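Here is how the chains run, residue by residue.
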Amino acid sequence: NRFYILVGSNIEPGVNVKKGLDLIKESREINLEAESSPYISKPVGMDGDDFFNQALRCTTDLSFKETLSFLKAIEATCGRERDPNNKFTPRTLDLDIIDWNGFHGILEGYVLPDPDIEKHDYARLPYNQIKKGR
């Protein structure tokens, strides 16, 4: 499976993004093929510090659901706390699958490719950078 991750952080991104990327690189579950340049953006839908965003192109033998679980475990290791009542909160690390094998539709409750790719530069610019560099 080839897939793309959008990385986001606005709480100590220098520490948390590095830790998350190190955990991905050290894993046997995910092969990191390419990283986009960093992209700094204002938060969307909330107040807070600017976001660090980056896109990753990866491969894995895991299923979509297994990959989601693996990425959520990395987020938790990096101190991510989710508020079930408010998705627009500052975060230590966000690892969102934004493209899965070029699939178009709903997979495990996720719309793919992620609509944010078309709506927001913070997703579109880093994604297009590594998608075209394929």
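Conventions and cut-offs
- Residues numbered from 1 in each chain as written.
- Predicted model: local features only at pLDDT ≥ 70, side-chain atom pairs only at ≥ 80, totals over all residues.
- Heavy atoms only, no water.
- Helix = DSSP H or I, 4+ residues; strand = E, 2+ residues; numbered from the N terminus.
- Buried < 20%, exposed > 50% of the residue type's maximum accessible area, 1.4 Å probe, protein only.
- Polar contact = N/O pair within 3.5 Å; in protein donor to acceptor, adjacent residues only side chain to side chain.
- Expected span 1.5 Å × (residues − 1).
- Arc of directions from axis to C-beta.
- Core = buried A, V, L, I, M, F, W, Y, C linked by side-chain atoms within 4.5 Å.
- Contact = heavy atoms within 4.5 Å.
- Axes fitted to C-alpha atoms, helices over the stretch in contact; angles between N-to-C directions.
- Parallel < 35°, antiparallel > 145°, perpendicular 65-115°, else oblique.
- Left-handed = near helix turned anticlockwise from the far one by under 90°.
- Nonpolar A, V, L, I, M, F, W, Y, C, P; charged D, E, K, R; others polar.
- Phe/Tyr/Trp six-rings, centres within 6.5 Å; stacked < 30°, edge-to-face > 60°.
- Disulfide = S-S within 2.5 Å.

Chemist: Any chance you could explain the side chain of Arg91 here in plain terms?
Modeler: Position of Arg91 among the secondary structure elements: in the loop between helix 2 (64-77) and strand 5 (94-100). Under the relative-accessibility criterion, Arg91 is labelled buried at 10%. Within the structure, Arg91 has its side chain in polar contact with the side chain of Asp94 (distance 3.1 Å).

Chemist: So what exactly am I meant to see when it comes to helix 1 (residues 13-26) here?
Modeler: Given 3.6 residues per turn, any residue in an α-helix points the same way as the ones three and four places further on. Taking 1.5 Å per residue as the helical rise, helix 1 with its 14 residues ought to reach 20 Å, and the 19 Å between its terminal C-alpha atoms agrees with that figure. For helix 1, every residue scored as buried is listed here: Asn16, Val17, Gly20, Leu21 and Ile24. Projected onto a plane normal to the axis of helix 1, the buried residues spread over an arc of 125 degrees and lie on a single side. When the buried face of helix 1 is taken as reference, the exposed residues oriented beyond 90 degrees from it are Gly14, Val15, Lys18 and Glu26.

Chemist: Looking at this model, I keep getting lost on the nonpolar core. Mind explaining?
Modeler: Ranked by internal contacts, the top residues of the largest apolar core, which has 23 residues, are Ile5, Ile24, Leu56, Leu71 and Leu95. Within the residue set of this core, elements represented by two or more residues are strand 1 (2-9), helix 1, strand 2 (30-35), strand 4 (51-60), helix 2 and strand 5. Counting residues per element, this core draws most heavily on helix 2, which supplies five residues. Beyond its immediate sequence surroundings of up to four residues, Leu95 is in contact with Ile5, Leu6, Val7, Ile24, Leu71, Ile74 and Glu75. Listed in part, the ten residues of the second largest apolar core include Tyr4, Ala34, Ile98 and Tyr127.

Chemist: Would you mind going over the packing of helix 1 against helix 2 with me for this structure?
Modeler: How two helices sit against one another is set out by the angle between their axes and by the gap between those axes. The N-to-C vectors of helix 1 and helix 2 enclose an angle of 140 degrees; their axes lie 9 Å apart at closest approach. Put simply, helix 1 runs oblique to helix 2. Our pair here, helix 1 against helix 2, has a crossing hand that is right-handed. For the pair helix 1 and helix 2, contact is made by Lys19, Gly20, Leu23 and Ile24 and by Leu71, Ile74 and Thr77, respectively. By residue class, the composition of the contact of helix 1 with helix 2 is four nonpolar, two polar and one charged.

Chemist: Whenever I open this one, the packing of aromatic side chains confuses me. Can you help?
Modeler: A ring pair, where both rings are aromatic, is described by two values, the distance of the centres and the angle of the planes. Scanning all chains against the criterion turns up four aromatic pairs. Considering the side-chain rings of Tyr4 and Tyr127, the 5.2 Å spacing of their centres and the 75 degrees angle between planes classify their relative orientation as edge-to-face. Remark: Tyr127 occurs in helix 4 (residues 121-132) and Tyr4 occurs in strand 1; sequence separation between them is 123 residues. A relative accessible area of 1% places Tyr4 in the buried class.

Chemist: Got a minute to help me understand the state of the cysteines in this structure?
Modeler: By definition, a disulfide links the sulfur atoms of two cysteine residues through a covalent bond. Enumeration over the complete set of coordinates arrives at zero disulfides. Left unpaired, Cys58 is separated from the closest cysteine sulfur, that of Cys78, by 15 Å. Relative accessible area serves as the criterion here: at 0%, Cys58 is assigned to the buried category.

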